[in-house]
Amino acid sequence: MQAEGGRIADRAALTASKTRSAVDEIIARTEASARRGRRLEVLTVDNDADAVYVALRIAREKPERLGVALSLLLRNGGNASGVGIGCIGPTGEVYPDAFSRMVTFGNVRERPFGAIWEDLRHPVMAGLKRRPRLLHGRCASCPALPLCNGNLRARAASSTGDFWCPDPACYLSDRELAEAAELLQRFGRRPEDSSTDHRKG
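Residues numbered from 1 in each chain as written. Predicted model: local features only at pLDDT ≥ 70, side-chain atom pairs only at ≥ 80, totals over all residues. Heavy atoms only, no water.

### Section: the overall build of the chain
Counting its secondary structure elements, the chain contains nine helices and four strands. Here the analysis covers contacts within the chain between residues at least 6 apart in sequence; of these, 60% occur between residues at least 24 apart. Element-wise, carbon and sulfur atoms account for 53% of the exposed surface of the chain, whose accessible area totals about 10,800 Å². (Helix = DSSP H or I, 4+ residues; strand = E, 2+ residues; numbered from the N terminus. Contact = heavy atoms within 4.5 Å. Areas by Shrake-Rupley, 256 points an atom, 1.4 Å probe, with all protein chains shown as cover.)

Below, the structure is given as C-alpha cells:
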C-alpha cells in the first residue's frame, strides 16, 4: 500500500500462516532476549489483530498471566487512529494517522489542532471516535473488537475504497475469534461492552 510521503508494507499480501509465523518469531526472539536479562519493548505496528493472537497464545502457554495481559490489551484498546494517533502533514493537513491520507479533517494553519481534533462534524472523525466503530462486514460482528478496534482503516480503504470495510490483513480464523470471545467473557469483558471509550493518552 502506497502512503503519501512514505511507503508501508502491505501485510495483506502475506498469507495468514506467514503472518502468524512472523508474529511467533517476534515473540520467540523477545522471550529469548528476556531470558538473557535484556528487557525489550516490542511493537508490532499496523495490524491490531496481533493483540488477539497474542492473547490466545498467552491463554495456551501462560494462562496465569492472561488476566493481566487482557487488562493491558483492553486498556490499549486496539487501533487508535483519530483518537490517540494522528498526523499533521507538511502543509498542515490533519489526518487520522500517517497512512490515512485519503481523508483530511482540516489544516492547522486555518484552525487550531485541538479544534480540528475534537470536531465530530466530519463523518470519518466521528466514526473513528465512536466505540464500537461503524464497521462493515466481518469486522462489524467481530467478537474480538474490544482488542482490535477494527484494525487499520487505511488498509481497508486502499483495498476496497470503503473506509469501514474489513481490513484484509486480519489473519484470524472464525475459531480463533470465538476463542477470544470466550476469554473476554471469562475475564468479565463482553464484546458488547466495547462501547466504552478506551482513549489512549
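Now that the structure has been shown, we can carry on.
### Some words on the packing of helix α3 (residues 66-76) against helix α9 (residues 174-186)
One can describe the packing of α3 onto α9 by two numbers: an axis separation of 11 Å at closest approach and a directional angle of 100°. Accordingly, the angle class assigned to the pair α3 and α9 is roughly perpendicular. The segment α3 lies against α9, with Leu66, Leu70 and Leu74 engaging Leu183, Leu184 and Arg186. (Axes fitted to C-alpha atoms, helices over the stretch in contact; angles between N-to-C directions. Parallel < 35°, antiparallel > 145°, perpendicular 65-115°, else oblique.)

### Let's talk about a nonpolar patch on the surface
A cluster of nonpolar side chains, contributed by Ile26, Leu40 and Val42, occupies part of the molecular surface with about 220 Å² of accessible area. Turning to its location among the elements, isoleucine 26 is positioned in helix α1 (residues 16-35). Isoleucine 26 sits in the partly exposed class, given a relative accessible area of 34%. (Patch = residues over 30% accessible without salt bridge, like charges linked within 9 Å, V, L, I, M, F, W, Y side chains within 5 Å. Salt bridge = Lys/Arg side-chain N within 4 Å of Asp/Glu carboxyl O. Buried < 20%, exposed > 50% of the residue type's maximum accessible area, 1.4 Å probe, protein only.)

### Describing the nonpolar core
Counting residues in each nonpolar core, the largest one holds 24 residues, and the members touching the most others are Val52, Leu70, Ala144, Leu147, Tyr171 and Leu172. Those elements that place two or more of their residues in this core are α1, α2 (49-61), α3, α7 (145-148) and α9. By residue number, the principal contributor to this core is α2, which donates seven residues. Ignoring sequence-local partners within four residues, the contact set of alanine 144 consists of Val52, Leu177, Ala180 and Leu184. One finds Ile116, Val124, Met125 and Cys139 within the second-largest nonpolar core, a separate group that totals 14 residues. (Core = buried A, V, L, I, M, F, W, Y, C linked by side-chain atoms within 4.5 Å.)

### Comments concerning the pattern of salt bridges
As enumerated under the stated definition, the model contains eleven salt bridges in all. A salt bridge links arginine 29 to glutamate 25; the nearest nitrogen and oxygen atoms lie 2.7 Å apart. Residue arginine 29 and its partner glutamate 25 are located together in helix α1, separated by four residues, close to a single helical turn. For arginine 29, a relative accessible area of 59% corresponds to the exposed category. Residue glutamate 25 is classed as partly exposed on the basis of its relative accessible area of 40%. Put simply, arginine 57 and glutamate 61 hold a salt bridge, and the shortest N to O gap is 3.0 Å. A residue pair is termed a helical-turn pair when its members lie 3 or 4 positions apart in one helix, as arginine 57 and glutamate 61 do in helix α2 at four residues. Look at glutamate 61 and you get partly exposed, because its relative accessible area is 44%. The network of salt bridges with common partners includes Asp24, Arg57 and Glu61.

### So, helix α8 (residues 153-160)
Those residues of α8 lying buried are Arg153, Ala154, Arg155, Ala156 and Ala157. Where α8 is buried, its residues meet α5 (123-129) and α6 (137-140). Where α8 ends, the next residue or the one after it, glycine 161, has phi of about 85°, a positive value.

### Some details on the packing of aromatic side chains
In this structure the tally under the stated criterion is three aromatic pairs. With 5.2 Å between their ring centres and 20° between their planes, phenylalanine 113 and tryptophan 117 make a pair best called stacked. One end of the pair is phenylalanine 113 and the other is tryptophan 117, both in helix α4 (residues 113-117) and four residues apart, which spans about a single turn. Tryptophan 117 sits in the buried class, given a relative accessible area of 9%. In this structure, lysine 129 packs its charged tip against the face of tryptophan 117, placed 4.4 Å from the ring centre. (Phe/Tyr/Trp six-rings, centres within 6.5 Å; stacked < 30°, edge-to-face > 60°. Lys NZ or Arg CZ within 6 Å of the ring centre and 35° of its normal.)

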